[in-house]
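Residues per chain, in single letters:
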Amino acid sequence: MSAVVADAVPVGGVGRRSVGWWGLVTLIATEAALFAYLLFAYYYILVQFGPAWFPERSPSLKLALPNTIVLLISSATIRWAERGMRRGARGMALGGIALTFLLGLAFLIVQLFEWKAKPYSLRSGSYGSLYFTITGFHMAHVTAGLVALLLLFVWCLKGYFDTRRHVPLLIGAAYWHFVDVVWLAVFFTFYLLPRLW
Amino acid sequence: MSTLDAHVIEPAPSSGVLEKIWATPPGILGWLASVDHKSIGKRYLVTAFLFLAAGGIEALVMRAQLARPDQHVVTPDQYNQLFSMHGMTMIFLYALPVLSGFSNYLWPLLFGARDMAFPRLNAASYWMYVAAGLFTYAGFAMGAGANDGWFNYAPNSERDFNPGLNIDFYALGMIFLGVSTTVGAINFVVTFFRMRAPGMSIEKVPIMTWGTLTASAANILVIPAVSVAFFLLWLDRQYGTHFFDVAGGGQPLLWQHLFWMFGHPWVYAVVLPAIGMTSEGLQTLCRRPLVCFEAVALATVATMVLGFGVWVHHMFATGLPALALSFFSGASIIIAVPSALAVFAWIATIWTGRPIITTAFLYFASVIVLFVIGGVSGFMTASVPVDWQLTDTYFVVAHLHYVLIGINLFAVAGGIYHWFPKMTGRLLDERFGRWTFWTMFVGFNLAFLPMHVTGLLGMPRRVYTYASGFGWDTLNLVTSLGSLVFAAGVLMLVIAVLRGLRNGAPAGANPWDAPTLEWSVPSPPPTYNFLEIPIVASRYPLWERTIDHGAARSRLRTELRLEAGRETLATSALDADIDLVMKMPGDTLAPLVLTIGMALAFVGLLLHLAWLTIAAALVTLAALVAWLWPQRELAQIAGAPR
Amino acid sequence: MIARMRLPSRWRPAIAACAAPILFAQRAAAAAQPPLSYLRSAGAKADATLPLTWGLLAISIAVVVIVCVLVLVAIARARSRTAIAHPDGNASAWVYIGVGLSSFVLVCALVWTVRVLAFVNAPAGRPALTIEVTGQQWWWKARYLDNDASKVLTTANEFHIPAGKPVRIELIGADVIHSFWVPALAGKTDAIPGQVNTAWIEASQPGRYHGQCTEYCGLQHAHMGFDVVADAPDDFSKWLDAQLAAEPAATDAMKQGQHEFEFHCGACHTVRGTEAGGTVGPDLTHLMSRQSIAAGAAPNNAGMLAAWIANPQAIKPGTRMPTLGLSDPQIGDIAAYLATLR
């Protein structure tokens, strides 16, 4: 390899200079678009029918609001894991990843209970179809995130990462934040908007 | 460091070391595992042409049915499947993949890199394309092909009106294909911004790549719209949801909005790369830089950006308020402005250049004319009151074939004649090429020019037959005969390629005296593309001696040999300063296994076999995990060298 | 029509002078033109659109010719050149001039478009008549709305309107999306399930104007035509009254046919004045006043009626009307009976 290059330039991806990071950014763009179109379907039908379309004007927040907080905390825990990684504190990183995983899992389980508690179903009308489909898509993305967190935990445990080289953790954390932001949009649409309209 | 005289190309000494590092193992497993962008590009081209042939045969059967009134060549159901499969095949399985093929092959060579940013993803996008195409055609082979048009409007696509598997094959197949196209688009975008040779700052990027970049960025944002639409439709059909059916509070127009929010940017995605190829070819063959280069690059982007805002022009007759119609009508008329700029730039390039009238030149020049014909008929449909007469008539069919065939297929033909020598080291026969061109050109215009009149005389689209006495008989006969001539021309193109492969004259590295980097390597290029990563100083590295570019000189011998494994350089996004040495993945079967897993999962969904879906999903996941697992050779593990 | 476009008054005579010959020629040639052509117009809405259509077509053809000439001249001129021009030089100036001219033409076309759209989109006067038209696979139902329930006419596939007066059409999609199009009179409007789209048509003079469904709607989309017949206002009133009247009692010779009809066909079809009251298929009262059957799939005569009843799937494969498996005498009786429904 050329002497000019060898001393000056890292080999392999480092932080946000890695192509993997750029790939994730484009992936987030396309997945964000996916949710935008799903929510467009909702808002389009809402505009056709008006507030009479809402099956409940005050959807219960008993499960959904704590669940939202759980997800927000999980974003904090994955950030904590990243900080740990940057400082070389592997224990902190592993702890953060594990905690994020557990919180995400809790979110999924609570959401399933929420599904059962709903007075309408997938088939009961366009509102029900949209609710379960959109929250279902979100849960699928959370599940993918959980698989990613599992892999990150294993890779971290095996010592694949260090203070400089931990691109998968950056990618996984960014994806997790994205899933969190999507939830905020979904939560607003289905739990807050009927109250506000 | 010596400066190579960039104008005179001597084949760089080959490197046995690099050859071994980058070679694909021989045999079938090697071929299946290859992540070489050149191999993948060629596969895309061949597969796209196979689908072109399938779509073409479907068209010829339709034209046989429509050549005379009241014929019974096919039943109504067969005809409806034919026109739906024809549209789907051409616009999804031919038009974009063929351009992906050229881009895949050429981009690393144009950029001075050794591969695309994500070689394994590249392989995966190809395999998924093949699998999705086969999946959709399996339906057709079973007599359950898509039958509600490529646009598939609800409620006609709902189970009540379409109980068979036709729409399910189509919906699932398109979702599958959407994954392929999206990951391909991601690959192009990241490659554009990170894999250019040092010094190739953004204004020096070859014009051709702007088309695919723009199309790819757009695809990333709009493919989810159609994937969502097809998925919601599939849910309606399988699980009784109520997205599009009125009885349950669904909205038929929701389908149209979702579909066309994707569909309109898509049709620009399938022509902008071809427009880029035309710019590239014309500037080379006119032996001068493209006139208004920056403006043409900006016009490409502007067309696509405006293209996001015109989708309602497919829905002018649906009863939307006049204010909305006016806005979309205005946008649809204004979008012609950047296209006009490209057309005038091309004409100016020819006018002030020294054209060599090769077959490629004939094709590229004909793109200008056919593009304009397609463009003006589009301009007419952009005007709402006029569109209320001519939408859903054969006038629109004429329009869309002029833009799709005139821009995409004719540019592809030009691209074949232009880049075949680079891909194979052989020249295509020029004399036969002229016959091929004129047959295609005459046949195409004979088939589609009268179609404008057929449309103005009111013949509706998507009809399996028509009665006499409407004034359409002779016009349809002429169109059918023209389509035969055109098909013969396309066949001649294929024959030309086969003959060229067998006994074309040797081409050398740069038979056209072209300016861009791909012409600086041997034909065909070695597996590692560039012996040393070039350092670029201008837009036209190989023309620096003959056009006035100041003192800056690109260098092809740079000692950036990068032979400690599969390596290439990553550079910064705008200025292309050296940023990283990238370790590139070798050949692997993971993309193929992943694709097989996905395909089986889709079969499971189609047939409601939960066990198959789950098992296949697990296979897919396993392949993905194996793929993503950090590897020391790729410098993904801490403690790796440097 | 020209006045209603609200153009500056000083332009009106000039535009009228230019447009009038075109419109006159179009109207004069209307009868000889292909039935679905929209290159001639016979009604206010289509009249307003026609100059725009021809204008844009003329611009389009001119642009194509200019570009072809430029390309050919460019190739011819440049072949003999020996030196490469200085990068760009004057060439880019010409490109921008071309773009500027094109933009100007495009903007003018846009302004013209918006003006015509504004006119075409809303009727100038109150409609003389409102017809509720329902598109369904694969025929057209028409209900003439009236405050007096006894004057609400239900008919199918061929409807009359009074010439010279605006008629409002309320479009309903019964199953899938269809599109209502009578090219001579107006552009097309979709009939979409779940919403009612309003269109309006106006025929300048009496005549028969053909229409066609123009949104792909399934197997027999190709055979979903209809006719709009414009009558002079007095003739229209006579037609409406005649249609509203129930059928007279059948003659003895036709009684068997009427009985067979009521028994085999009455579940789907209505003939007022008989027991047949089905609404699934077209209303057949006064059937013989129509020129075609099966939404234009076949001409309306006794022979075709018999063939249709015997085997509708042979004439229009996939049609909703089943093959009933009737015997030849039954078919003959029914067809003969139907032929008396004037």
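So, how was this worked out
- Residues numbered from 1 in each chain as written.
- Chains lettered and ligands numbered in written order.
- Predicted model: local features only at pLDDT ≥ 70, side-chain atom pairs only at ≥ 80, totals over all residues.
- Heavy atoms only, no water.
- Buried < 20%, exposed > 50% of the residue type's maximum accessible area, 1.4 Å probe, protein only.
- Helix = DSSP H or I, 4+ residues; strand = E, 2+ residues; numbered from the N terminus.
- Pairing = 2+ DSSP bridges.
- Domains from an automatic or database assignment.
- Contact = heavy atoms within 4.5 Å.
- Buried area = accessible area lost by both parts, 1.4 Å probe.
- Salt bridge = Lys/Arg side-chain N within 4 Å of Asp/Glu carboxyl O.
- Polar contact = N/O pair within 3.5 Å; in protein donor to acceptor, adjacent residues only side chain to side chain.
- Nonpolar A, V, L, I, M, F, W, Y, C, P; charged D, E, K, R; others polar.
- Patch = residues over 30% accessible without salt bridge, like charges linked within 9 Å, V, L, I, M, F, W, Y side chains within 5 Å.
- Areas by Shrake-Rupley, 256 points an atom, 1.4 Å probe, with all protein chains shown as cover.
- Axes fitted to C-alpha atoms, helices over the stretch in contact; angles between N-to-C directions.

(A) How the structure looks around the pairing of strand β2 (residues 578-583) of chain B. Burial runs high along β2 of chain B: 5 of the 6 residues are buried. Connecting strand β1 (residues 567-571) of chain B to the next strand, β2 of chain B, in antiparallel fashion are 6 residues, including alanine 576 of chain B with a positive phi near 55 degrees.

(B) Spotlight on the domain arrangement of chain C. Residue and element names in this part refer to chain C. Domain annotation for chain C reports domain 1 (2-121), domain 2 (129-244) and domain 3 (252-338). Contact residues are listed per partner, giving 19 residues for domain 2 and 19 residues for domain 3. Between domain 2 and domain 3 lies a buried interface of about 1600 Å² when both sides are counted; carbon and sulfur atoms form 45% of it. For domain 2, the biggest contributors to the area lost against domain 3 are Trp138, His223 and Gln243; these three give 28% of the whole. One can count 0 salt bridges joining domain 2 with domain 3. Linking domain 2 with domain 3 are 13 residue pairs in polar contact (both at pLDDT 80 or more), by the criterion used here. At 4 residues, the largest contribution of residues to the side of domain 2 that touches domain 3 is made by strand β3 (residues 153-156).

(C) Quick look at the interface of chain B and chain A. The interface is formed by 56 residues belonging to chain B together with 52 residues belonging to chain A. Taken together, the links from chain B to chain A amount to 1 salt bridge. The interface formed by chain B and chain A includes 14 residue pairs in polar contact (both at pLDDT 80 or more). Put simply, the parts of the chain that give the side of chain B that touches chain A at least two residues each are α6 (166-194), α7 (207-239), α8 (252-269), β1, β2 and α19 (610-628) of chain B. Looking at the side of chain B that touches chain A residue by residue, the classes come out as 39 nonpolar, 11 polar and 6 charged.

(D) Local environment of the interface of chain C and chain B. Contacts between the two partners involve 81 residues from chain C, matched on the other side by 84 residues from chain B. Between chain C and chain B we count 1 salt bridge in total. For glutamate 215 of chain C, the salt bridge is made with arginine 462 of chain B, and the minimal N-O distance between the two is 4.0 Å. The interface formed by chain C and chain B contains 18 residue pairs in polar contact (both at pLDDT 80 or more).

(E) Layout of a nonpolar patch on the surface. Residue and element names in this part refer to chain B. Together, Ile28, Leu29, Trp31, Leu589, Val593 and Val619 give the surface a local cluster of nonpolar side chains, amounting to about 540 Å² of exposed area. Tallying contributions element by element places helix α2 (residues 28-33) first for the nonpolar patch, with 3 residues. Positionally, tryptophan 31 belongs in helix α2. You can call tryptophan 31 partly exposed: its relative accessible area is 39%.

(F) Broad picture of the environment of arginine 68 of chain B. Residues and elements named next belong to chain B. Tracing the backbone shows arginine 68 in the loop between α3 (37-66) and α4 (76-111). Separated by 407 residues in the primary sequence, arginine 68 and leucine 475 place their C-alpha atoms 9.6 Å from one another. Apart from residues no more than four positions distant in its own chain, arginine 68 is found in contact with Tyr466, Asp473 and Leu477.

(G) Structural detail: the pattern of salt bridges. A complete count under the given rule lists 21 salt bridges over all chains for this structure. Among the salt bridges present, the one from aspartate 36 of chain B reaches lysine 38 of chain B, with a minimum N-O distance of 3.3 Å. Exposure class is identical for aspartate 36 of chain B and lysine 38 of chain B. Each is buried. As a salt-bridge pair, glutamate 158 of chain C and arginine 208 of chain C come within 3.2 Å of each other at their nearest N and O atoms. Of the two residues, glutamate 158 of chain C sits in strand β4 (residues 158-162) while arginine 208 of chain C sits in strand β9 (residues 207-213), which places them 50 residues apart along the sequence. On the basis of relative accessibility, which here comes to 4%, the residue glutamate 158 of chain C falls in the buried class. On the basis of relative accessibility, which here comes to 35%, the residue arginine 208 of chain C falls in the partly exposed class. A network of salt bridges, in which partner residues are shared, links Arg17 of chain A together with Arg194 and Asp579 of chain B.

(H) Quick look at the sheet that holds strand β6 (residues 178-181) of chain C. Residue and element names in this part refer to chain C. One open sheet accounts for 5 strands, arranged β4-β10-β9-β6-β7; its pairing is mixed. For this open sheet the edge positions go to β4 and β7 (189-191), each flanked by a neighbour on one side alone. Within this sheet the neighbouring strands show an average axis-to-axis angle of 30 degrees, counted without direction. Sheet strands touched by helix α4 (residues 233-244): β4 and β10 (225-231). Its angle to β4, the strand with the most contacts, is close to 140 degrees.

(I) Region of the structure containing the arrangement of the chains. Among 2 pairs of chains with at least one contact, chains B and C form the most extensive contact set. If you take every C-alpha in chain A and every C-alpha in chain C, the smallest gap between them is 10 Å, and the two do not touch.

(J) A look at the sheet that holds strand β1 (residues 129-136) of chain C. Residues and elements named next belong to chain C. With mixed pairing, the 5 strands of this open sheet are ordered in space as β3-β2-β1-β5-β8. With one partner strand each, in any of the chains shown, β3 and β8 (197-201) form the two edges of the open sheet. Across the sheet, the axes of successive neighbouring strands diverge by a mean angle of 25 degrees, strand direction being ignored. Two strands pair when backbone bridges link them, and β1 and strand β2 (residues 139-144) are joined in this way by 6 bridges, in the antiparallel orientation. Within β2, the residue paired with glycine 135 across the bridge is tryptophan 140.

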